[in-house]
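Each chain, written out:
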Amino acid sequence: MQEEAALDAERHSAALQWGFRLFLMVQVIPFVVLFTVRYELDGYYVAPTVNQWLGGASALLMLISIWYAVSSLSAIRQDDLIAMQHRMKSAIGVGLLYMALIIYEWSQRSIPVGTRYGENFYTTLGVSAFYTVAGLFVLVAIAVRSGRAHFNRHNYWDAQAATWYWVFQGLTAVVAYIYFYWI
Amino acid sequence: MAQNVVATNTHKVRVMPPMLRGFLWAGIAFLLLNSITAAIRPDVGHPFFTEVSITIGWVGAVIGWLLGVGAYEGMVLPLFGVTPRVGEATDWRRYFAFATDHKVVGIQYLTSSGCAFILAGGIAMTMRIELASSTMYFFHYSDQYLSAVGVHGAIMMFSVATVALVGGLGNYMVPLMIGAKTSVFSKLSGLGQWLIPAGVLTLAFSPILGYWTTGWRGYEPLGSQDASGIIFYYLGVAALTMSSVIVSLNLVVTIVFNRAPGVTWARLPMFVWGILTVSILNLIWLPEIQMTFILQLLDRLVPLNLFNAAGSVLTQLELFWLFGHPEVYIVVVPAFALWNEIIPVMAQKSLFARSWAVIGLIFVMMLSGLVWAHHMFTNMRNSEMFPFSFFTEMISIPTGFAFMAAIGTLWKSRYRLTTPGLLILMSIFNFLHGGVTGVFLADPPVNLQVHDTMFVVAHFHYTIIGGMVFSWIAAMYYWLPKMSGRMYNEFWGKFLSIWIFIAFNTAFSTMFLVGLEGMNRWVPTYPPYLHPLNLIISIAAWTLGVGFVLHAVHIVWAWKKGPRAPENPWNGHTLEWLTSSPPPQHNFDVTPEVIDGFYNYGDDADPIVANLSELKPKQT
Amino acid sequence: MDLVVFGIVWIIITAVAEWLMHHYVGHNSMYFLLSNQGNITLHAFNFLTTMLIPVFLFVIWFLVFSAIRFHANSPEAKQSRHQFTKNGLFTGVWITASIAVNLLFWLHPTAADLEQMFASQLPSAQRNDLVVDVTARQWEWIFSYPQYHLTQTVNAAGQDELVIPAHKKVQFVLRSYDPFHTYDVEAGVIHSFWVPAFGIKEDVIPGETRYEYIVANRTASYQTNPEVRVQCAEVCGPGHPWMEAPIRIVTASQFHAWVAKQQKMEAASGA
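Residues numbered from 1 in each chain as written. Chains lettered and ligands numbered in written order. Predicted model: local features only at pLDDT ≥ 70, side-chain atom pairs only at ≥ 80, totals over all residues. Heavy atoms only, no water.

Another aspect to go through is the overall build of chain A. Looking only at helices and strands, one finds five helices and zero strands in chain A. In chain A, the succession of α and β elements from N to C terminus is α-α-α-α-α. By principal-axis analysis of the C-alpha atoms, chain A measures approximately 65 × 30 × 20 Å. Here chain A holds 183 residues, and the buried ones make up 51% of them. The long-range share in chain A, meaning contacts at least 24 apart out of those at least 6 apart in sequence, stands at 80%. When the accessible surface of chain A is summed, it comes to about 9,000 Å², and 66% of that surface belongs to carbon and sulfur atoms. Side-chain charges of chain A comprise 11 positive and 11 negative groups, with the mean position of each set lying 7 Å from the other. (Helix = DSSP H or I, 4+ residues; strand = E, 2+ residues; numbered from the N terminus. Buried < 20%, exposed > 50% of the residue type's maximum accessible area, 1.4 Å probe, protein only. Contact = heavy atoms within 4.5 Å. Areas by Shrake-Rupley, 256 points an atom, 1.4 Å probe, with all protein chains shown as cover. Lys, Arg positive; Asp, Glu negative; His and termini not counted. Charge placed at Lys NZ, Arg CZ, Asp CG, Glu CD.)

A separate point is the packing of helix α2 (residues 51-79) of chain B against helix α9 (residues 270-301) of chain B. Residues and elements named next belong to chain B. Interaxial distance between α2 and α9 falls to 10 Å at its minimum, and their mutual angle equals 145°. In terms of crossing hand, the pair formed by α2 and α9 is left-handed. Between α2, through Glu 51, Val 52 and Thr 55, and α9, the contact on the second element is made entirely by Leu 297, Arg 300 and Leu 301. In terms of residue class, the contact of α2 with α9 is made up of three nonpolar, one polar and two charged. (Axes fitted to C-alpha atoms, helices over the stretch in contact; angles between N-to-C directions. Left-handed = near helix turned anticlockwise from the far one by under 90°. Nonpolar A, V, L, I, M, F, W, Y, C, P; charged D, E, K, R; others polar.)

Another point: the arrangement of the chains. Where two pairs of chains are in contact, the pair with the most contacts is made of chains B and C. Note that chain A does not reach chain C: the shortest distance linking a C-alpha of one to a C-alpha of the other is 13 Å.

Residues and elements named next belong to chain C. Of the two faces of strand β3 (residues 162-165), the one holding Leu 162 and Ile 164 and the one holding Val 163 and Pro 165 are both buried throughout. Note: β3 against strand β10 (residues 244-250), four bridges, orientation parallel. Bridging across to β10, Val 163 finds its partner in Arg 248. (Pairing = 2+ DSSP bridges.)

Between its first and last C-alpha, helix α12 (residues 382-394) of chain B extends 19 Å over 13 residues, near the 18 Å set by a 1.5 Å rise per residue. Contact partners of the buried residues in α12(B): α11 (354-367), α13 (396-410), α14 (419-442) and α15 (444-450) of chain B together with α3 (88-119) of chain C. (Expected span 1.5 Å × (residues − 1).)

Facing 31 residues of chain A, the contacting portion of chain B comprises 35 residues. Between chain A and chain B, a total of about 3,000 Å² is buried, with carbon and sulfur atoms accounting for 76% of that surface. Inspection of the region where chain A meets chain B yields zero salt bridges. At the junction of chain A with chain B, the criterion picks out seven residue pairs in polar contact (both at pLDDT 80 or more). Those elements that provide at least two residues to the side of chain A that touches chain B are α1 (2-42) and α4 (116-148) of chain A. With 20 residues, the top contributor of residues to the side of chain A that touches chain B is α1(A). (Buried area = accessible area lost by both parts, 1.4 Å probe. Salt bridge = Lys/Arg side-chain N within 4 Å of Asp/Glu carboxyl O. Polar contact = N/O pair within 3.5 Å; in protein donor to acceptor, adjacent residues only side chain to side chain.)

Residue and element names in this part refer to chain B. Along the chain, Phe 49 turns up in the loop between α1 (18-40) and α2. Taking the relative accessible area as the measure of exposure, Phe 49 reaches 42% and is therefore partly exposed. Considering only alpha carbons, one finds Phe 49 and Gly 167, 118 residues apart in sequence, at a separation of 34 Å. Not counting residues up to four positions away in its chain, the partners in contact with Phe 49 are Phe 30, Asn 34 and Ile 54.

What follows concerns unusual backbone geometry. Residues and elements named next belong to chain B. Going from Glu 220 to Pro 221, the amide bond is cis rather than trans, its omega being 0°. Note on placement: Pro 221 falls in the loop between α6 (186-204) and α7 (222-225). Positive phi, close to 60°, is recorded for Lys 412, a residue that is not glycine. Along the polypeptide, Lys 412 turns up in the loop between α13 and α14. Relative accessible area serves as the criterion here: at 26%, Lys 412 is assigned to the partly exposed category.

This part takes up the pairing of strand β1 (residues 130-137) of chain C. Residues and elements named next belong to chain C. Of all eight residues in β1, eight are buried; the element is thus mostly enclosed. The alternating pattern of β1 places Leu 130, Val 132, Val 134 and Ala 136 and Val 131, Asp 133, Thr 135 and Arg 137 on opposite faces, both of which are buried. With seven bridges joining them, β1 and strand β4 (residues 169-176) adopt parallel strand pairing. Following the sheet pairing, Val 134 is matched in β4 by Leu 174. Pairing of β1 with strand β2 (residues 140-144) involves five bridges; the strand directions are antiparallel.

Here we take up helix α8 (residues 229-257) of chain B. In this model α8(B) runs 43 Å from its N-terminal to its C-terminal C-alpha over 29 residues, within 8% of the 42 Å that 1.5 Å per residue would give. Of all 29 residues in α8(B), 26 are buried; the element is thus mostly enclosed.

Here we take up the domain arrangement of chain B. All names here are of chain B. According to the domain assignment, chain B consists of domain 1 (15-85) and domain 2 (99-561). A C-alpha centroid distance of 31 Å is found between domain 1 and domain 2. Contacts between the two partners involve 15 residues from domain 1 and, on the opposite side, 19 residues from domain 2. Surface buried jointly by domain 1 and domain 2 totals about 1,400 Å² across both partners, of which 80% is contributed by carbon and sulfur atoms. Its largest share of buried area at the contact with domain 2, domain 1 owes to Glu 51, Trp 58 and Met 75, together 41% of the area lost on that side. Between Glu 51 and Arg 300 there is a salt bridge, and its shortest N-O distance comes to 2.9 Å. Across the contact surface, domain 1 and domain 2 share five residue pairs in polar contact (both at pLDDT 80 or more). Broken down by secondary-structure element, the contributors of at least two residues to the side of domain 1 that touches domain 2 are α1 and α2. If you tally residues by element for the side of domain 1 that touches domain 2, the top one is α2, at 13 residues. (Domains from an automatic or database assignment.)

With that out of the way, let us pick up the interface of chain B and chain C. Listed per partner, the contact involves 91 residues of chain B and 96 residues of chain C. Summed over both sides, the interface between chain B and chain C buries roughly 8,100 Å², with carbon and sulfur atoms accounting for 67% of that surface. The three residues of chain B that bury the most area against chain C are Trp411(B), Arg414(B) and Gln449(B), which together make up 10% of that side's buried surface. Summed over the shared surface of chain B and chain C, the number is two salt bridges. When the shortest N-O distance is used, the salt bridge between Asp2(C) and Lys412(B) registers 3.5 Å. Linking chain B to chain C there are 34 residue pairs in polar contact (both at pLDDT 80 or more). At the level of secondary structure, the elements contributing two or more residues to the side of chain B that touches chain C comprise α4 (142-161), α7, α10 (313-347), α12, α13, α14, α15 and α17 (490-516) of chain B. It is α13(B) that provides the largest number of residues to the side of chain B that touches chain C, a total of nine residues.

We now examine the packing of aromatic side chains. Residues and elements named next belong to chain C. Summed over all chains, the structure comprises 96 aromatic pairs over all chains. Ring plane angle 90° and centroid distance 5.6 Å describe the contact between Phe 65 and Phe 70, whose orientation is recorded as edge-to-face. By relative accessible area, which is 6% here, Phe 65 ends up buried. The exposure class of Phe 70 is buried, given its relative accessible area of 3%. Here Tyr 145 and Phe 255 contribute two aromatic rings whose centre-to-centre distance is 6.2 Å and whose plane-to-plane angle is 45°, an arrangement assigned as tilted. Taken together, the positions of Tyr 145 in the loop between β2 and β3 and Phe 255 in helix α4 (residues 252-268) put the pair 110 residues apart, joining distant regions of the chain. (Phe/Tyr/Trp six-rings, centres within 6.5 Å; stacked < 30°, edge-to-face > 60°.)

Put into structure tokens, the structure is as follows:
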């Protein structure tokens, strides 16, 4: 009976992981739509006024934040709750910085909304930013929760899911950056 | 492990009824977000309610509604590591609040879908009142009629046709049929259910923002030119499709991981195969249409020029039908599966060519993404007509496998013409009409004549009402003893089935003729020469509507007051019949161990589960 | 025995249905068609009907047959006497036949007819006797005849009217915009140019110009048959139900008289 329960728990956690990966795969589809619409309407045109270095800085920040999140996950895998919380907070901090850069860039209005490039630029990156905000919310929830829920080597699924999500949205943001600033 | 919230029985906590609290929180959130948006808008002198503020307020309202009905205690507090004060109710109240038991969620979904079906059906009745005469006499303005068309179509598509068999019967039956004690993401399905009332109400009340005229497809650039009601169309559909995405995710993972030992892919019940394929379709295509509608919403609110004369009109059409055609198969694939689920049981005969039936489902799923542009033969370059008519004609081959399996099973059987058995035959009969007329529509020259006429309207109502709704009602009767432990009245069940069969076929076969005679869609008035046939359709449609309501009344009556049903009234072999009716909270006391397929009948058929004696429900 | 009875009845009802179809329905299954394209459509429709009748009746008759012959007399669960899960012959014939029928339909009528249709649209075939500019606006069909300098033709009641000569090749140039407004990207929506009696339909999309070609094979008018009308088939807003225009198909001499009259009217109105 005990053995069966353990088997059930193992199967359940495998199901959660598989299901969450499926969810992230499904979330690729909206971005495929956005990228397709941009291609349909605008080809590979990039507005000359776009600030590639500012965008590059944002993308770099996102990669750093991803790295923090992933390393926080490996910390909890080694039962190091303090390091995990610490790195998670760093990931959140860098993520906030990323959002600040995006807001700064948009406030500059270097790309007019009324152009074909502009409308695709703002919709796609806006959707990407929405995913980032959602991800930040989840990361904060995990950071708050990590103390109360006693995450440890055997119990870190929530943190893992949040990290995967953060990696997913970070990668889409970086792909969107390459697609809209360079290609 | 996701821990379920357990009711604290130690002390009584007074709580507001969850749905009431949902409405209250939704109202507060709407006003709050609307006010904030109105306050930070830079231009002075704008009205308090604008399209932007209503959109943002609506998002808040839906979140408030979901939290209010119980997601606050069920999902948000646990996410932050707080144990809520109250848990899920265990009595009748659980049907009116956020729930995690897949059976409760299934019944909630069926109720939501059933109510939406009656509501949108009622709207169709007003359309048929109008069309009983060739001039306007019921609606005052044609945009009211066109709004009715749009609301009817959108509610039927996104909260009935897509939902009833997947969210409703799928949630209830799939875990039982695969011998699982629970679904994997039980909270997500619980959440998804409550998006249905939110979406249906949004759509139903969309005309208060202004009559919109695009119909359920929301074609641009008409959409961006329409009255503001169309934003509630985009938002309502977003809520409803989100519900289906969530449910599909849960069901796919449940089917992959929670099968009982021995329920191999080769033994998976037909209905579960149907739900699996349709869930994959949902997961691929619903996010696609959601993003398209978000783009259309932004196109209108900002405004952008994505899909008007300055952008690309055809891009929106392509994006819509990329989803739109798989949607058709999202609707009927579970119905195909139900035919071959119910026929062997009613015939007490082994399912014929099971593997071909499954292959059919899978190939329909795969091909359905390759045929979308046959909705656009009036819009395409000549060179594009060849491949799309080719794939469209080819998709009838795997569709035919469902017929083949059904026919092979019926041959030389002893088929019990019970109400579900009868309805399944009717469903095959009706869907055949839809399929055969689909062959005409796949031929571009014919299509160029009958496209956008009542011929097409009749064609897709044959597939959706005739195929899916008839199967849905059949499945409701078939599983009624399972879900309620009670039996319906055989006379009334058959009588009402024959009633809707005759009314349905009269109404919609006449509609083919009206279309061939040159009546186009989306019109409240038409040239007088079309009047006699339209009058026939209206009368038959009204009869059909009454028939559906009577079916609903009969099913609800049987559910509450019907005679007690035996444990396994049809002698079905699938696992759901091995537990008590209605099933206990965790479905099976002992996990069944399956050792043979579910569709083998005959005196020399092998036993299906190894531990039958342990499983037998204890009589109380 | 079952097989024989089933097969014989199937053949009989198929034969009867085909006979009825060819003697009564086949001539007017699309009710009223009077163009070259319409004939293609009608033939395709009738060919498909002819081929589908046996398939359709096979399934329908099977359902009826099993309800009569194979129904159980009591609702009790009693195992069927015959138990089988495969029949290679039946499965093989079914699959082969369905593939064959579908391939056939794709080759004929689809590919064959499309070839004819496309041929009429080739550049080399475009020596058209008459060019009609059709402008769709919300909610009106405007017809102009550039060869005759007519900007908007109307009938005596002031309605837009399309008049074409029979037996002449006519090119329709389809655009969707509002000529009475300064250019506004939001002003044009999708319409659909449909003449039920011609068997053609083409969506008219803002920002695109499209073409349709037709030869009407006899004279007719909206008064003689209401299917001789231009009808907007794609929902285009509240005025959609009334977005139609009557057509007259006339002889060449009547057409020239009509053109002269229109020219006089336009000159008089200073257009």
